[in-house]
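Examining the three-dimensional arrangement
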Amino acid sequence: LLLLNNIIGVKLISGNNERLILNVYFSCENYSREALYLYREQLAELHNILTDEVPVNVVIAGDFNADPSKGRFWSELKSFTDSLLFDVADLSLPIDTFTYLSPAHSSTSWLDHVVTSDRESITNIVVGYDRCIYDHFPLTFDVDVGDLNYTKNPKKGIESKKFINWTKFSEGMRVAYATRL
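Since the model is a prediction, treat every value here as computed from it, not as a measurement.

Parameters at a glance
- Residues numbered from 1 in each chain as written.
- Predicted model: local features only at pLDDT ≥ 70, side-chain atom pairs only at ≥ 80, totals over all residues.
- Heavy atoms only, no water.
- Helix = DSSP H or I, 4+ residues; strand = E, 2+ residues; numbered from the N terminus.
- Buried < 20%, exposed > 50% of the residue type's maximum accessible area, 1.4 Å probe, protein only.
- Contact = heavy atoms within 4.5 Å.
- Areas by Shrake-Rupley, 256 points an atom, 1.4 Å probe, with all protein chains shown as cover.
- Core = buried A, V, L, I, M, F, W, Y, C linked by side-chain atoms within 4.5 Å.
- pLDDT = per-residue confidence, 0-100.

So, the overall build of the protein
Helix and strand counts for the protein stand at three helices and 10 strands. Listed N to C, the secondary structure of the protein is β-β-β-α-β-α-β-β-β-β-β-β-α in terms of helices and strands. For the protein, buried positions account for 39% of its 181 residues. The contacts of the protein with a sequence gap of at least 6 include a subset with a gap of at least 24, amounting to 65%. Counting every atom, the protein has about 11100 Å² of accessible surface; 55% of that belongs to carbon and sulfur.

Structural notes on the nonpolar core
Judged by nonpolar contacts, the single largest core of 24 residues is most densely connected at L22, Y39, L46, L50, I60, F64 and L77. For this core, the secondary structure elements donating two or more residues are β3 (17-25), α1 (33-53), β4 (57-63) and α2 (73-84). With seven residues, α1 is the single largest residue contributor to this core. Excluding residues within four positions of it along the chain, L77 makes contact with Y39, L43, F64, A66 and H113. In this structure, V114, V127, F137 and L139 belong to the second largest nonpolar core, which totals 11 residues.

Some words on the confidence of the model for the protein
The share of residues in the protein with pLDDT of 70 or more is 83%, and the mean pLDDT across the chain is 85. Across the protein, the secondary-structure element scoring lowest on mean pLDDT is strand β1 (residues 2-3), at 59, and the one scoring highest is strand β5 (residues 87-88), at 98. Ignoring residues within four places in sequence, the model shows residues 157-161, a span with pLDDT below 50, making 12 contacts including any to other chains.

Things to note about unusual backbone geometry
Positioned with a positive phi, L85 is a non-glycine residue whose angle comes to about 60 degrees. Non-glycine residue S106 carries a positive phi angle of around 55 degrees. Here S106 shows up in the loop between β6 (100-101) and β7 (108-109). The exposure class assigned to S106 is exposed, which follows from its relative accessible area of 63%.

Now the structure itself:
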């Protein structure tokens, strides 16, 4: 389990099959030099994780705060994905897709994305327009993780700060957690 200020993730390992699944929250665009610097810093931190781990397959999902049709952050994100030969899987959605509704301006933006090293492993990408959480609409998708078996001893490299043994929780507690999440 990896825990950083704006990145959380898990590495799944089974034999030679590895998947690194990350969730990110990147800083928002306010058109200042500081915002651009912070965004680049967050991409660099993510790049370091990916180049240190060198997993076979990577999925990074979350709020990148980068709209393909406006703002500076999209070009930063696109340069990042191009440099790693990753795909932005959700670009397969219609051009009028949005994942954010500004309460202050009643405008929309496409800020949440699914970035992957293995485009074929990502399917069923959908924006949950019927499930807005304050100002974001959830972006859901399926990931084919292949044949992975659970291991208690993560390989050296990813920092293990916290482990939750879900087998100690009842089904009701897991459902309540998933519902709240």
